[in-house]
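# Results of the structural survey
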Amino acid sequence: MSVPSGAEVEHADWPTLQGMCRSLGLNPKGRSGVVRMRVLEHVRRRGRPQSWRAGRDHMAALLTRLGFPDLAEDLWETAIRLDAPGPWVGLGQAQVAGGFLNEAAKSFDRAIQMGDTSALLNRAEALGAGGDYDLAIAACESYLASHPTDLRALAMKADFLVRSGFKEEAARILLAAADSHPEFPFLHAGAGTVFLRAGRPEVALEAFGPTPHMEASAIEGALNHGAAFLLLGRTREAIDIFQKALEKAPERGEALNNLGVAYLQMDEPKLAASNLARAAKHLDTARIRANLEKVPKAPPRPRAKKPAARKKPDP
Amino acid sequence: MTLAPDTTERFLPSVDRLESAMHAARRAFERGDTDAALAQLGAALRLKPEYDAAWILKGAVLQKAGDREGALDAFMQALRCNGNSKEGWMGLASVLHELGRLKEEADAYDRLLAFDPRSLDAWIDKGAVLHELQDYAGAIRCYEEVLALRPEYAAAWNNKGAALLRLGHEADATRCFEEALQFDPDCVDAMANQTYLYEKQGYHGEAVLWADRALRIREAPGLWYAKGLAHLGLLESTLAIRSLDRALALDPTLKEATAALRRATAMRGKSDFYRGPYECFGTHLEGDPGCEECEIRPRCREVTP
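Here's a quick rundown of the structure. The structure presented is a predicted model; accordingly, all values stated were derived computationally and were not measured.

A count of helical and extended segments in chain A gives 18 helices and zero strands. Sorting the 315 residues of chain A into buried and exposed places 41% on the buried side. A sequence separation of at least 24 residues applies to 40% of the contacts in chain A between residues at least 6 apart.

Another aspect to go through is the interface of chain B and chain A. With 24 residues of chain B at the contact, the number on the chain A side is 23 residues. Contact between chain B and chain A buries roughly 2,000 Å² in total, counting both sides, with carbon and sulfur atoms accounting for 52%. When the buried area of chain B at its contact with chain A is split by residue, R213(B), P277(B) and E279(B) rank highest and sum to 27% of it. Viewed at the interface, chain A and chain B are joined by seven salt bridges.

Here we take up empty space enclosed by the protein. What the rule picks out here adds up to two cavities of 30 Å³ or more. Lining the largest cavity, in full, are R31(A), Y278(B), C280(B), F281(B), T283(B), H284(B), C291(B), C294(B), I296(B) and C300(B). Among the residues making up the lining of the largest cavity, the classes are represented as seven nonpolar, two polar and one charged. Residue lining of the second largest cavity: E41(A), R44(A), R45(A), P185(B), D186(B), M191(B), R213(B), R216(B) and I217(B), and that is the complete set. Put simply, the parts of the chain that give the lining of the second largest cavity at least two residues each are α3 (32-47) of chain A together with α12 (204-217) of chain B. Looking at the lining of the second largest cavity, its residues break down into three nonpolar, no polar and six charged.

Residue and element names in this part refer to chain B. Throughout the structure, instances matching the rule amount to four aromatic pairs over all chains. With a centroid separation of 6.1 Å and 90 degrees between ring planes, the pair formed by Y198 and Y203 is classed as edge-to-face. What makes Y198 buried here is its relative accessible area of 15%. With a relative accessible area of 35%, Y203 lands in the partly exposed category.

Rolled over the atoms, a probe with the dimensions of a water molecule shows which regions are left empty. By volume, the second largest pocket is sized at about 550 Å³. Taken together, 19 residues line the second largest pocket, and the ones lying closest to its centre are M37(A), L40(A), L181(B), Q182(B) and W210(B). Where the lining of the second largest pocket is concerned, the elements lending two or more residues are α1 (6-11) and α3 of chain A together with α10 (170-183), α11 (188-201) and α12 of chain B. In terms of residues, the lining of the second largest pocket owes the most to one element, α3(A), which gives seven residues. A per-class count over the lining of the second largest pocket returns eight nonpolar, four polar and seven charged.

What counts and what doesn't
- Residues numbered from 1 in each chain as written.
- Chains lettered and ligands numbered in written order.
- Predicted model: local features only at pLDDT ≥ 70, side-chain atom pairs only at ≥ 80, totals over all residues.
- Heavy atoms only, no water.
- Helix = DSSP H or I, 4+ residues; strand = E, 2+ residues; numbered from the N terminus.
- Buried < 20%, exposed > 50% of the residue type's maximum accessible area, 1.4 Å probe, protein only.
- Contact = heavy atoms within 4.5 Å.
- Buried area = accessible area lost by both parts, 1.4 Å probe.
- Salt bridge = Lys/Arg side-chain N within 4 Å of Asp/Glu carboxyl O.
- 1 Å grid on protein atoms, 1.4 Å probe; cavity = no way out; pocket = protein on both sides within 12 Å on 5 of 7 lines; lining within 4 Å.
- Points joined across faces, edges and corners; volume = space filled by probe spheres on them.
- Nonpolar A, V, L, I, M, F, W, Y, C, P; charged D, E, K, R; others polar.
- Phe/Tyr/Trp six-rings, centres within 6.5 Å; stacked < 30°, edge-to-face > 60°.

Geometric descriptors of this kind do not, in isolation, establish any biological role.
This is the structure we're talking about:
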């Protein structure tokens, strides 16, 4: 972001002046003379860099992170100015940390009024934390109206949709995010997983894409990809995925459990039992124990019959 | 020049001791040890009783230690040694100011200006003391001398504006404050004067604007009080209460602020406007593009004089 010169600010027309405010993160509202003075002051201070000293805003932000939201709130209140939205966002974050969610939403509103649209996402967070998912989703949508491909906003909206029970809608948003952000392949796995949780394994399979990624960070998605195959009865493909996942992460209890279940479907009780037993060693959960109990016990080996007494040859 | 060995022994050690005593005194003064500084200066003045620099330093040390009469004597002694010492006259004037002997202070500046008419410090300080003596016309003449030498001297513009304000020339005063802020946009005294002037004229919106700017640089109870009054004029009770609370926190003896706070608290039930992000509330300008887009324009128009 380039800072305009003093002369440029002096001679800027109204739309240019507003553009400068937006790019410099300043409040663009007010009489043009006052807005011009605001930009000039900012430019002047930027032109004279001074040695860094922690200001009230820096200290307040640190206090929020260190777990002293009430002290941070007091400090933010003293840092509040009528021409900058930043302190309002900081105050809102301190209020969220202190549990004052309604107050926080109001503080974020002030920042939004000053032209800081990213405060909409902070507002959504505060509303979501208070369980008001409808308003949280609406705040995300307001932000997305001006930033339609913003990944943070899309992910937040999807999260709020999942929490309010609209899993399929959330999955569709993640799918759209995956299309607009091919640089993040994990989004496909995320969308597939949410579809799976929504009870739509066939759509989940499409979302996961043709081949699962087996990098360490993508194992979770690969396991869900395999689970989708399993649910659709494509057991052989599921087994392939679980085996590949276990090559990368042999200690993953869920992978061993899923593989055991797949073998159970394939009527391979021995393999099922051994994988489920290993899974139980790594991850002792009720589900794994229940799966282990479902494995049919092998029938008892028949006793070796006694050989019939040989007839003695007649003398 | 080569001195004979016996002469060297006779004079140079005392010069050395004098210089080292002066250095030691300066160092002690800089680190705030006034007793050690005075001891070293005593030694220096025993070696050279007519040494004006030592008397000036002694005056500064005594002034810092709170011994104003002693400081006055020291500066006068320095001027007896050297009547053309600028530091001596400025030091003397400074002690006279602390003693409240303002007329004598003004005379001290005159004595200095008689042999150094281009001393900006003397002109500025003389203007300030004449202002205190309510000789505003005399003060203005001093500031004009400064501005003739240094037209970009923001403090002189501000002081001239303040004196003009006392004479009731509000338009000229405004121009001076604007000049001061043009040359030094952080001139907090000019901002404060703008605040008081606008508030006096009933331009509450402008008063809030300038008070906010000044308070961002330096807090003062008077400024918070003026800001509180301006918010009161704009029917912003909560903002008025906050400002007046702050004024009283800084100076609990501010009776006017207590009375204004009572008014603001009483008004809160009837009217409490919230301006939102508009720091220019109360300064509506017909036809301004920013005002055309403003969400609180109708209310702003109502309160703008």
